[in-house]
Amino acid sequence: MSTTTRSGQVSPSIWDHRRTWYSLMALTLILSVAWLLTSRIQDTADPKTLVPAPQMGFLAPDFTLTTLEGETVTLSVLRGRPVLINFWATWCPPCRTELPTIQSAYDRYADQGLVVLAVDMAEPSQVVAAFAQKFALHFPILLDHDGEVAAQYQIRALPTSFFVDREGVIRSIFIGPMNGPLMDDRLAQILGEGA
Amino acid sequence: MYPVIQVAGLTLQTAGVMALLAGWLGLSMAAHEAKRLGINGEIIWDAGFFGLLAGLLGARLWYVGTNWPAYQADLRQVLALNWGTLTSGPGVVIGSIIALAYLQWHAVPLARLADAVAPGLLLALAVLRVGDFLTGRVLGTPTDVPWAVEIWDVPRHPVALYEAGAILIALGIIWRWGRTQTYDGFVFLLAVFLASAARLFSEAYRLDSIRTIGGFRVAQIVALAVMWIALGVLYRKHFAVKGESSKSRTERE
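Quick look at the structure, then. What you are looking at is a predicted structure, and each value in this text was computed from that prediction instead of being measured.

1. A few points about the overall build of chain B
In terms of regular secondary structure, chain B is built from 8 helices and 4 strands. Starting at the N terminus and walking to the C terminus, you meet the elements of chain B as β-β-α-α-α-α-α-β-β-α-α-α. Expressed as lengths along the three principal axes of its C-alpha atoms, the size of chain B is roughly 75 × 50 × 45 Å. Counting across all 253 residues of chain B, residues that qualify as buried make up 43%. Relative to all contacts within chain B whose residues are 6 or more apart in sequence, the contacts with residues 24 or more apart total 62%. Summing over all exposed atoms, chain B offers an accessible surface of approximately 13700 Å²; the carbon and sulfur share of this is 69%. On chain B, the mean spot of the 20 positive side-chain charges and the mean spot of the 16 negative ones are 5 Å from each other.

Here it is as structure tokens:
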């Protein structure tokens, strides 16, 4: 980068001095390292796991709902146990194909502490109860009458599953129906620790 | 937060819309720059298209391959597309290889091509970051600055917007001063340097940084290393090109 002056001589730009480059390199290093040092993270806990958000790596947002049988279930009370939260509805065909898989997982892993919370989205309890009986579902089915919990979890498609570990942190999220191996793979993540 | 956008009665996923917008704007800018540098813009569009296609296919097949027991029983499931059943890393690699192979096949000079693509890449990155802000995917640290944005009940640094802003400043610098083609590859190197600087800066306000020993943020260390490499190459290239031109001058004399 040099410009030719009227006298025909080449006048070098500042970039032709090696000193310019050395200064820039030194400046880059000093500023960057200073910034790196000031923005170090001091506390040891992963800050994500303290923020309730319906996203992977974050604390599962707390909720309280009642089951078909009228019992009250609060998510935070289940801390210490792995939880599968599944959002579904009786009118949703993919949910219907997935529910037997959930039942089978529940049968196999309940003795390892697995909790299944199948949250039905905004349907009358009679409809849900008839459905559960017909499909022989024995895991707790929660009624989200006004869809408030679904909104809290930003549900955009049914079914959606959240795999919550013993610390209450969401380890994975799956949108759409899962078959056995896909579900087992994800359950292993939350069952593994401290089982 | 706006995880979905309502357009004319349709509910669209913000992340998807912003990714499309980023791709379209980025490719448009790349095609424009390619024309300016004497490369056929059509080839860039085609390479982008084939790369995207190959990337999606690769991401899907990779996922099916690594979860084969889940698909073995019911092969129709392989065709049931779902964002959760794509593996993005290998997809990006496969897509890039196909796009590069396509460009190589059309004998596009790669260093000059990198110059043509660099500003578009920055623009695409900035748009993606705005998307991250809208969906709340990238979380900032809690703060009480007046421009804090409340996400998950806590006022936070709008860190994705910081990065988008820093990248747009980088793009402005390149647009104003960086496009004098001293040698092929210059714009790209400058873009890499400035984009890394943008990340180094904005990463400091991220809540979910990956950390290493001493509480340092990994992304910042990587950004600093990349900045230094880019600066080193810029330095060597500058004097190499200068040496060549003065040599050819003396030869003429």
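2. What about the sheet that holds strand β4 (residues 72-74) of chain A?
All names here are of chain A. If you trace the 7 strands from one edge of the open sheet to the other, you get β4-β3-β7-β6-β5-β8-β9, paired in mixed fashion. The open sheet is flanked by β4 and β9 (170-175), the only strands paired with a single partner. Strand-to-strand, the axes of this sheet are offset by a mean angle of 30 degrees, without reference to chain direction. Of the strand pairs in this sheet, strand β5 (residues 83-88) and strand β8 (residues 160-164) are connected by 5 bridges, and their pairing is antiparallel. Bridging across to β8, Ile-85 finds its partner in Phe-162. Relative to β9, helix α5 (residues 180-192) is tilted by about 165 degrees, and along the sheet it contacts β5, β8 and β9.

3. Quick look at the state of the cysteines
As used in these notes, a disulfide is a covalent bond between sulfur atoms, one from each of two cysteines. All names here are of chain A. Tallied over the entire structure, the rule returns 1 disulfide over all chains. Sulfur-sulfur distance for the disulfide between Cys-92 and Cys-95 comes to 2.1 Å. Its S-S torsion of approximately 85 degrees makes the covalent link between Cys-92 and Cys-95 right-handed. For the pair shown, Cys-92 and Cys-95 are each scored as buried.

4. Details of empty space enclosed by the protein
Residues and elements named next belong to chain B. Inspection of every chain in the model, using the stated rule, returns 1 cavity of 30 Å³ or more. For the largest cavity, the calculated volume is near 30 Å³. What lines the largest cavity is Phe-133, Val-138, Leu-139, Gly-140, Ile-151, His-157, Pro-158, Val-159 and Ala-160. Residue classes in the lining of the largest cavity are distributed as 7 nonpolar, 2 polar and no charged.

5. Things to note about the layout of surface pockets
There is about 860 Å³ of room inside the second largest pocket. Residue assignment for the lining of the second largest pocket shows that the elements contributing at least two residues are α1 (18-38) of chain A together with α6 (159-178), α7 (186-202) and α8 (218-252) of chain B. Looking at which element gives the most residues to the lining of the second largest pocket, the answer is α7 of chain B, with 8 residues. Its residues assigned to classes, the lining of the second largest pocket comprises 24 nonpolar, 6 polar and no charged.

6. Some points on the packing of α1 of chain A against α7 of chain B
α7 of chain B packs onto α1 of chain A with a crossing angle of 25 degrees between their chain directions and a minimal axis gap of 10 Å. As summarised for this structure, α1 of chain A and α7 of chain B are arranged roughly parallel, according to the angle between their axes. Facing α1 of chain A, whose interface residues are Thr-28, Ser-32, Trp-35 and Leu-36 of chain A, α7 of chain B presents Phe-193, Leu-200 and Phe-201 of chain B. Grouping the amino acids of the contact of α1 of chain A with α7 of chain B by side-chain chemistry returns 5 nonpolar, 2 polar and no charged.

7. Topic: the nonpolar core
In this structure, Phe-63, Leu-75, Ile-85, Phe-87, Leu-117, Tyr-153 and Leu-187 of chain A are the most contacted members of the largest nonpolar core, which totals 52 residues. In this view, Phe-63 of chain A contacts Val-73, Thr-74, Leu-75, Ile-85, Leu-117, Leu-142, Val-149, Gln-152 and Tyr-153 of chain A; residues no more than four positions away in its chain are not counted. If you look at the next biggest cluster of nonpolar residues, it comprises 32 residues, including Met-25 of chain A together with Ala-166, Ala-191 and Leu-224 of chain B.

8. Examining helix α5 (residues 110-135) of chain B
Since the α-helix advances by 3.6 residues per turn, residues separated by three or four positions end up pointing in the same direction. All names here are of chain B. For α5, built from 26 residues, the straight-helix expectation of 38 Å at 1.5 Å per residue is met to within 8% by its first-to-last C-alpha distance of 35 Å. Maximal helix bending in α5 amounts to about 35 degrees, located at Val-117; proline Pro-119 follows within four positions. One or two positions beyond α5, positive phi appears at Gly-136, with a value near 75 degrees.

9. Digging into the side chain of Ser-209 of chain B
In this fold, Ser-209 of chain B is placed in the loop between α7 and α8. A distance of 2.7 Å separates the side chain of Ser-209 of chain B from the side chain of Glu-203 of chain B, its partner in a polar contact. A polar side-chain atom of Ser-209 of chain B sits 2.9 Å from a polar atom in the side chain of Arg-217 of chain B. Non-local contacts of Ser-209 of chain B, meaning those with residues more than four positions away in its chain, are made with Ile-41 of chain A together with Glu-203 and Arg-217 of chain B.

What counts as what
Residues numbered from 1 in each chain as written. Chains lettered and ligands numbered in written order. Predicted model: local features only at pLDDT ≥ 70, side-chain atom pairs only at ≥ 80, totals over all residues. Heavy atoms only, no water. Helix = DSSP H or I, 4+ residues; strand = E, 2+ residues; numbered from the N terminus. Buried < 20%, exposed > 50% of the residue type's maximum accessible area, 1.4 Å probe, protein only. Contact = heavy atoms within 4.5 Å. Areas by Shrake-Rupley, 256 points an atom, 1.4 Å probe, with all protein chains shown as cover. Lys, Arg positive; Asp, Glu negative; His and termini not counted. Charge placed at Lys NZ, Arg CZ, Asp CG, Glu CD. Pairing = 2+ DSSP bridges. Axes fitted to C-alpha atoms, helices over the stretch in contact; angles between N-to-C directions. Disulfide = S-S within 2.5 Å. 1 Å grid on protein atoms, 1.4 Å probe; cavity = no way out; pocket = protein on both sides within 12 Å on 5 of 7 lines; lining within 4 Å. Points joined across faces, edges and corners; volume = space filled by probe spheres on them. Nonpolar A, V, L, I, M, F, W, Y, C, P; charged D, E, K, R; others polar. Parallel < 35°, antiparallel > 145°, perpendicular 65-115°, else oblique. Core = buried A, V, L, I, M, F, W, Y, C linked by side-chain atoms within 4.5 Å. Expected span 1.5 Å × (residues − 1). Bend = angle between axes of the 7 residues up to and from the residue. Polar contact = N/O pair within 3.5 Å; in protein donor to acceptor, adjacent residues only side chain to side chain.

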